[in-house]
Amino acid sequence: MNELKQKILGCLYGQALGDAWGMPAYFHPEQTWKHYGWITEFLPGPADHEVHAGLPAGRITDDSEQAFSLARAYLKHGSVSIEATVEAIVAWYDRTGGDTSPYVGPSTRRGVQALKAGADPHKAGARGDTNGAAMRVSVIGALHPGDPMGAIEDAAISCIPTHNTSVAMSGACAIAAAIAVALRPDATLDAMVAAGMLGAELGRKKGNYWLGASITRKIEQAVQIARKGTDPLARLWELYEVVGSSLAITETVGTAFGVLIMADGDPKQAATYAANLSGDADTVGAIACAMAGAYKGIGAFEQHILDVLDADPINKTYDIRGLADGIEQYVAQHAK
Ligand SMILES: [Mg+2]
């Protein structure tokens, strides 16, 4: 298998790994640690979990379902477009019973309900300011290996129907750009962080102007915390308390870069740190691990992890390996 294919597969499996590994975590680290101790494996959603009660170990959530739905639609349409994004997200919402599902995020719900009521896709996401824009954008980075500017342009398009705000576009463009750079044969974590900050800066000039901290500065802050000499638990606490791990995209994206650096780019370690950090752990995990997987490639994943993800009936419906084949062909076609 060529190196690019290994990295595309790493990105997609990383997305699913971080999502499923973080799924059982509670919103507060003390709750998570009291319930589980240190999370080091796939675990089921606890019965009293507000969003993931009853989910089996290894189950992906909305983050990966939306990412893979987008990938499927972009491959089918042959490009990243507003129309393909609307088609994928609305179909996903209907498929998962979005009106009553606890895990549709606030911006996606508002956007999809507006779209279903006939709103112009350029207006439906006018107030979408939460982390859904970034949780699903890894696949756009994968469509643009080595081309962060192309990734930034398409990431912004993918935000329009549900997350058409400067803050959401900043977060999505940061992740897409970092993954585009991670897919280079000579990728480094420093280059990924630099691309993330570039994406955050360019992205915040797009969409409706929206209040929010600078994601560029949040990434910088999270990376500084991640590189401290303190023990990992202290650094996770600091990320949780200072950068944050809520649904705010400024927090999620900043913290995901912090987790990536703490883990030195290793997907399983990134999943573990994201899960134990808590907060919106599955989203931080999905983003951090998609970046880590793109950086390290599929060879960095233990076989039993791939086996668990391959066995998950929801994940199976998206056929990660088929998507990776499609992305590889898409990249080859667009390079001509
Ligand atoms: Mg989720």
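For the structure itself, look to the data block above.
The model shown is predicted, which means the values in this text are computed figures rather than measured ones.

**Observations regarding the overall build of the protein**
Of the regular secondary structure elements, the protein holds 19 helices and zero strands. Oriented by its inertia axes, the alpha-carbon framework of the protein measures out at about 45 × 45 × 40 Å. Sequence separation of at least 24 residues holds for 73% of the intrachain contacts in the protein that already meet a minimum separation of 6.

**A few points about unusual backbone geometry**
A positive phi angle is found at aspartate 264, which is not glycine, with a value near 50 degrees. Within the fold, aspartate 264 resides in the loop between helix H14 (249–262) and helix H15 (267–277). The class of aspartate 264 is partly exposed, set by 13 C-beta atoms lying within 10 Å. You will see that aspartate 319, though not glycine, has its phi angle at about 50 degrees, which is positive. Structurally, the position occupied by aspartate 319 is in the loop between helix H18 (313–318) and helix H19 (320–335).

**A few points about the nonpolar core**
If you look at the biggest cluster of nonpolar residues, it comprises 116 residues, and the most contacted ones within it are Ala176, Ile179 and Met291. The dominant element in this core, judged by the number of residues it contributes, is helix H10 (residues 166–182), at 14 residues. With near-sequence residues (within four places) excluded, isoleucine 179 lies in contact with Cys11, Ser138, Gly141, Ala142, Ala151, Ala290, Met291 and Ala294.

**Remarks on the environment of aspartate 62**
Summarising the element assignment, aspartate 62 is placed in helix H3 (residues 62–77). Take aspartate 62: there are 26 C-beta atoms within 10 Å of it, and that puts it in the buried class. Residues aspartate 62 and tyrosine 103, spaced 41 residues apart in sequence, show a C-alpha to C-alpha distance of 6.7 Å. Not counting residues up to four positions away in its chain, the partners in contact with aspartate 62 are Tyr103, Val104 and Gly105.

**Topic: the packing of helix H9 (residues 148–159) against H10**
Two elements in contact, H9 and H10, have axes separated by 8 Å at closest approach and are oriented at 145 degrees. Both H9 and H10 take part in a crossing whose hand is right-handed. Where H9 abuts H10, its residues Pro148, Ala151, Ile152, Ala155, Ala156, Ser158 and Cys159 lie against Ala168, Met169, Ala172, Cys173, Ala176, Ala177, Ile179, Ala180 and Val181. In terms of residue class, the contact of H9 with H10 is made up of 15 nonpolar, one polar and no charged.

**Observations regarding H15**
Owing to its 3.6 residues per turn, the α-helix brings residues three or four apart onto one side. With 10 of its 11 residues buried, H15 lies for the most part within the structure. Close packing links the buried residues of H15 with helix H1 (3–22), helix H2 (29–36), helix H13 (232–243), H14, helix H16 (281–296) and helix H17 (303–311). Phi turns positive, to about 70 degrees, at serine 278, one or two residues after H15.

**Re the environment of histidine 28**
By secondary structure assignment, the location of histidine 28 is in the loop between H1 and H2. Residue classification places histidine 28 among the partly exposed residues on the basis of 13 C-beta atoms within 10 Å. Measuring from C-alpha to C-alpha, the distance between histidine 28 and serine 278 comes to 5.7 Å, with 250 residues separating the pair along the chain.

**Quick look at the packing of H1 against H16**
One can describe the packing of H1 onto H16 by two numbers: an axis separation of 6 Å at closest approach and a directional angle of 155 degrees. Comparing their axes, H16 and H1 come out roughly antiparallel. Our pair here, H1 against H16, has a crossing hand that is right-handed. Residues Lys7, Gly10, Cys11, Tyr13, Gly14, Gln15, Leu17, Gly18, Asp19, Trp21 and Gly22 of H1 form the contact with H16, whose own contacting residues are Ala281, Asp282, Val284, Gly285, Ala286, Ala288, Cys289, Ala290, Ala292, Gly293, Ala294 and Lys296. Looking at side-chain class alone, the contact of H1 with H16 contains 12 nonpolar, seven polar and four charged residues.

**Focus on H14**
In a regular helix each residue adds 1.5 Å, so 14 residues correspond to 20 Å; H14 covers 20 Å between its end C-alpha atoms and thus fits that length. Looking at the residues trailing H14, positive phi occurs at aspartate 264, about 50 degrees.

Rules used in this analysis
- Along each chain, numbering runs from 1 in the same order as the chain's sequence is written.
- Local features are withheld for residues below a pLDDT of 70 in this predicted model, meaning they are given only at 70 or higher, and side-chain atom pairs are given and counted only at 80 or more; totals for whole chains, interfaces and linings count all residues.
- Think of it this way: any DSSP run of H or I at least four residues long counts as a helix, any run of E at least two long counts as a strand, and we number them from the N terminus.
- Once C-beta atoms are placed from the backbone, any two residues with those atoms within 7 Å are in contact.
- Neighbour counting defines burial: a residue surrounded by 20 or more other C-beta atoms within 10 Å of its own C-beta is buried, one with 12 or fewer is exposed, and intermediate counts give partly exposed, using backbone-placed C-beta atoms.
- The term nonpolar core refers to a set of buried Ala, Val, Leu, Ile, Met, Phe, Trp, Tyr and Cys residues connected through C-beta atoms within 7 Å.
- Every angle, taken between N-to-C directions, lies between 0 and 180 degrees, and every axis is a line fitted to C-alpha atoms, over only the stretch in contact when it is a helix.
- The crossing is said to be left-handed when, going from far helix to near helix, the turn is anticlockwise and less than a right angle, and right-handed when the turn is clockwise.
- Residues were grouped as follows: Ala, Val, Leu, Ile, Met, Phe, Trp, Tyr, Cys and Pro as nonpolar; Asp, Glu, Lys and Arg as charged; and all remaining residues, including Gly, as polar.
- Should an angle fall under 35 degrees it is taken as roughly parallel, and over 145 as roughly antiparallel, whereas 65 to 115 is taken as roughly perpendicular and any remaining angle as oblique.
- Given the number of residues in a helix, its expected span is that number minus one, multiplied by 1.5 Å.

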